[in-house]
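Observations on the three-dimensional arrangement
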Amino acid sequence: MTPKPPEIERAQEQLFSGDLSAREKYSALVVGRPGWGALLKYEFVQLVSQNVPGALGLALRKTFFPSLLGACGRNVIFGQNVVLRHPHKIRIGDNVVIDDNCLVDAKGTTNRGITIGSGVFVGRNTILSCKNGDIDLADGANVGFNCEIFSASRVTIGRDTLLAAYCYVIGGDHDVSDPAAAVLAQGRRSAGVTVGAGAWLGAGAKILDGVAIGDRAIVGAGAVVREAVPDGAIAVGIPARIVGQRDAAVNS
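Residues numbered from 1 in each chain as written. Predicted model: local features only at pLDDT ≥ 70, side-chain atom pairs only at ≥ 80, totals over all residues. Heavy atoms only, no water.

Things to note about the sheet that holds strand β5 (residues 97-98)
The strands making up a sheet associate through backbone hydrogen bonding, with each pair oriented either parallel or antiparallel. Across the sheet, nine strands lie side by side as β2-β5-β8-β11-β14-β19-β22-β24-β25; this open sheet has mixed pairing. Edge strands, defined here as strands with exactly one partner in the open sheet, are β2 (77-78) and β25 (241-245). Across two bridges, β2 lies against β5 in parallel orientation. Paired with F78 across the two strands is I98, which belongs to β5. (Pairing = 2+ DSSP bridges. Helix = DSSP H or I, 4+ residues; strand = E, 2+ residues; numbered from the N terminus.)

This is the structure we're talking about:
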């Protein structure tokens, strides 16, 4: 018998629970660590650097943001209004850009969090969001603006993979097994998503939970991918279907 996956608590339930004080709720949802020390450190860094414009803001964030993170390499650039949640579970390599207005949220009670490799670019307004899941962006990955990568278990983006603007990679889904109950009342489930090395997701592509995209595969703009895409395949449409193979052109 397949074990039932752990229930993913909704933010509303955490925010309006009567068991914790307002400070404790904020610490649990945003800071990720209990106690006044962690809270005051987090708030100080946000106050002196998060919203500061221009070169001064870049310098301040480069100085102070690493003190909140689990690990941070050399030459990491944080744009204006970058929001970090549970930052002690965020690890970043060298020569990384996280552009303006991004949310990097490693929230969870038992997860490892978010790992961003070296040479990664994360475009502005992009959301990396965990609900007790993990997100891994391998070295050289490029995530365009206004993308969302969500994980309630495990989402992996391979080395040198390109996500064009407005891509959604959704490592989680709603449980709809009970037709008599509201979808919101049935919780969530997650099988995770894997996108292989050197793949390209066109603008507006949506990769649904449980899908594996192979190495060097191409997913066309606006496609909705519900099933696996093999290495080197080209998939387009709603739902996405395989229409070609990159290797065929190479071998012909």
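Let us keep going from here.
Description of unusual backbone geometry
With an omega dihedral of -10°, the bond running from I238 to P239 counts as a cis peptide bond. By the secondary structure assignment, P239 is in the loop between β24 (233-236) and β25. Even without being a glycine, D160 presents a positive backbone phi close to 60°. Mapped onto the elements of the fold, D160 is located in the loop between β13 (154-157) and β14 (162-163). Among the residues examined, D160 registers a relative accessible area of 48% and is labelled partly exposed. (Buried < 20%, exposed > 50% of the residue type's maximum accessible area, 1.4 Å probe, protein only.)

A look at the side chain of D134
Structurally, D134 is set in strand β10 (residues 134-137). Salt bridges are absent for the buried D134, whose nearest opposite-charge side chain, R112, sits at 4.1 Å. Engagement of the side chain of D134 in a polar contact is seen with the backbone nitrogen of R112, the distance being 2.7 Å. Engagement of the side chain of D134 in a polar contact is seen with the backbone nitrogen of G113, the distance being 2.7 Å. (Lys, Arg positive; Asp, Glu negative; His and termini not counted. Salt bridge = Lys/Arg side-chain N within 4 Å of Asp/Glu carboxyl O. Polar contact = N/O pair within 3.5 Å; in protein donor to acceptor, adjacent residues only side chain to side chain.)

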